[in-house]
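What the coordinates show
Residues per chain are reported as follows:
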Amino acid sequence: MGEVIKINRDDVINGIAGKRPGKPKGGVIHNDAGAMSAEAYLPWLISRKNRGQLPLGFAGYYGDRTTMLRVDNTNNKEWHTANPEGNTWFLGYEVVQSYYGIISDKDFLLNEDMVLRQVAEDFHFYGLKPNRNTVMLHKQFSSTTCPHRSWDLHGKSVNSVKDYFISKIAHYMSLGKTVEEMLKKEGVSAPAPTVPNTVTPQPDGKTLVVGKQAKQWETGSNIPAFVIGQRYDVLASKPVSKSRSKKAYLIGKGKVATGWLLEQDVEGFKTAGGGNTDKATPTTKPAITGTTTQSESVAGVQMFLNRWFYGKLEVDNKMGQATKKALIKALQMELNKQFKAGLNEDGAWGPKTENACITVRPGARGDISRLIQATLICKGYKVGGFDGIFLEGLEKAVKEFQRKNGLKVDGIVGKATFAALFR
Ligand SMILES: [Zn+2]
């Protein structure tokens, strides 16, 4: 049974680069030269957007071995190649965590495979055939080492890397029309995220200053003079055994890593809020072992709200006022985002919010269906998966809820049912 978490947030980029004049000519496969998971790119891009920094670049997709994040409609242009032809006519796919030292080659290839399945899905959708004209590399459009790690792994020449991608994409296209179908046919699951070796990613807004005495990276190579005395983001850490250091920190700017700095050369740490501007919103760690943003429990709902709707909730697996408010706020955010409802995102239920509610039927999918699942989970109902897909399990739960609350029992969530669920 194959699975992949697809996160569609076209509203993040929202067509800032304009519409493509026609159907895309193909796709460009990038390596992000970064350390973050695909999921972590969402708050990172939102913060870039809020600061007017999207012109620094973005691709439509960010993928790793478990998650495919889409941040714009694929009919829109993307600023991903520093070249008008590439930006106008080609879909952009970032294979994430490509910086060396974050994940093993084996895991990187899993990230790459998942991205190539997505390319295969989109090629089906647009009726494209994988060949040397449609499957492109960033470095064909502008001066860059991207895709640096795929380059190292697949023969270190434009055509050898492209031919590798082309044969994989063709194979995936032969398996099915969607990533899900391909995974199912292959009989593989998206593997659970692994933290390789002893490296701990730290997407938590921590920064440090490189001490004036610093001379060598953990690897033994010299630290360039321009790095000394500068403040960097801390991207990851790992234990080392040196006489004066027990830890090394992977430092960089934004998502681009610079090198592994030994503990002995760290001058000053600072945590989020202290001048570090390029970091993802910190996510609340699971307080309950094994809980994820997809767990069918109050804790799972709390983690989901924290991660995607700035819930700032304590993950205690208890339904209380704060969680209730965060659910209403998330619904208001979605109604504003998807339907331009113009609501105050204050987490208070009122006639305006109720009037803005749409009608959600079985078969729907997306964040509003997910929020309906969330409220029912918090009220103790079994909904058959916390995934934003309105299937029989959710329909059954909605009917049961309607019956118990004196509503019309039709399994359709309209204004009255929304009010009873969220109020
Ligand atoms: Zn690139």
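Just above, that's the structure.
The paragraphs below set out a description of the structure included in this document. Everything numeric in this text was worked out from a predicted model, so none of it was measured.

About the criteria used
Residues numbered from 1 in each chain as written. Predicted model: local features only at pLDDT ≥ 70, side-chain atom pairs only at ≥ 80, totals over all residues. Heavy atoms only, no water. Helix = DSSP H or I, 4+ residues; strand = E, 2+ residues; numbered from the N terminus. Buried < 20%, exposed > 50% of the residue type's maximum accessible area, 1.4 Å probe, protein only. Contact = heavy atoms within 4.5 Å. Areas by Shrake-Rupley, 256 points an atom, 1.4 Å probe, with all protein chains shown as cover. Axes fitted to C-alpha atoms, helices over the stretch in contact; angles between N-to-C directions. Parallel < 35°, antiparallel > 145°, perpendicular 65-115°, else oblique. Left-handed = near helix turned anticlockwise from the far one by under 90°. Nonpolar A, V, L, I, M, F, W, Y, C, P; charged D, E, K, R; others polar. Donors = N, O, S within 2.8 Å, 3.2 Å for Na, K, Ca; no water. Phe/Tyr/Trp six-rings, centres within 6.5 Å; stacked < 30°, edge-to-face > 60°. Lys NZ or Arg CZ within 6 Å of the ring centre and 35° of its normal. Pairing = 2+ DSSP bridges. Core = buried A, V, L, I, M, F, W, Y, C linked by side-chain atoms within 4.5 Å. Domains from an automatic or database assignment.

A few points about the overall build of the protein
Tallying secondary structure elements over the protein gives twelve helices and twelve strands in all. By the burial criterion, 53% of the 423 residues in the protein qualify as buried. A separation threshold of at least 6 residues defines the contact pool for the protein, and within that pool the share at least 24 residues apart is 64%. Surface accessibility of the protein: about 18900 Å² in total, with carbon and sulfur atoms responsible for 52%.

Focus on the packing of helix α10 (residues 367-378) against helix α11 (residues 392-404)
Here α10 crosses α11 at 55°, and the two axes come no closer than 11 Å. The orientation of α10 with respect to α11, classified from their angle, is oblique. Helix-helix and strand crossings are classified by hand; for α10 and α11 the assignment is left-handed. Contacts from Ser 369, Ile 372, Gln 373 and Leu 376 in α10 reach Leu 394, Ala 397, Val 398 and Phe 401 in α11. Residue classes in the contact of α10 with α11 are distributed as six nonpolar, two polar and no charged.

Things to note about the coordination of the zinc ion
Every protein donor of the zinc ion is accounted for by His 30 (ND1), His 138 (ND1) and Cys 146 (SG), and the metal-donor separations fall at 2.1 to 2.2 Å. Within one chain, the residues serving as donors to the zinc ion are arranged as H-x107-H-x7-C. With His 30 in strand β2 (residues 26-31) and Cys 146 in the loop between β6 (135-137) and α4 (148-153), this residue pair connects regions lying 116 residues apart in the sequence. When sorted by exposure, His 30 lands in the same class as Cys 146, which is buried.

What to know about the packing of aromatic side chains
One pair of aromatic rings is described through two measures. These are the centre distance and the angle between the planes. Applying the stated rule across the entire model yields eleven aromatic pairs. For the pair Tyr 61 and Tyr 93, a centre-to-centre distance of 5.0 Å together with 5° between the ring planes defines the contact as stacked. Note that Tyr 61 is positioned in strand β3 (residues 61-63) and Tyr 93 in strand β5 (residues 90-95), a separation of 32 residues in sequence. For the pair Tyr 61 and Tyr 93, a shared accessibility class is recorded, and that class is buried. For the pair Trp 349 and Phe 422, a centre-to-centre distance of 6.1 Å together with 15° between the ring planes defines the contact as stacked. A residue pair is termed long-range when its members are at least 10 positions apart, and Trp 349 in the loop between α8 (321-339) and α9 (351-356) and Phe 422 in helix α12 (residues 415-422) qualify at 73 residues. Here the two residues Trp 349 and Phe 422 agree in accessibility, since each one is buried. Cation over ring: Lys 139 sits above Trp 151, and NZ or CZ is 3.4 Å from the ring centre. The side chain of Arg 370 reaches across the aromatic face of Phe 386, ending 4.3 Å from its centre.

Notes on the pairing of strand β4 (residues 67-70)
Residues Thr 67 and Leu 69 line one face of β4 and the alternating positions Met 68 and Arg 70 line the opposite face, and both faces are buried. For strand β1 (residues 5-8) and β4, the ladder comprises four bridges, and the chain directions are parallel. Among the inter-strand pairings, Lys 6 is bridged to a residue of β4, identified as Met 68. Judged from the three bridges that link them, β3 and β4 form a sheet pairing that is antiparallel. If you follow Tyr 61 over to β4, its bridge partner there is Arg 70.

Things to note about the nonpolar core
Of all hydrophobic cores here, the largest spans 59 residues; its most connected members are Tyr 62, Leu 305, Ile 372, Leu 376 and Phe 418. Among the secondary structure elements, those contributing two or more residues to this core are α1 (41-50), α7 (298-309), α8, α10, α11 and α12. Taken domain by domain, this core gets at least three of its residues from each of domain 1 (5-186) and domain 3 (298-422). Residue contacts for Ile 372: discarding those within four places in its chain leaves Val 360, Leu 394, Val 398, Val 413, Phe 418 and Leu 421. Counting residues in each nonpolar core, the second largest holds 39 residues, with Tyr 93, Phe 108, Val 119 and Trp 260 among its members.

Take it as geometry only, folks, not as evidence of what the structure does.
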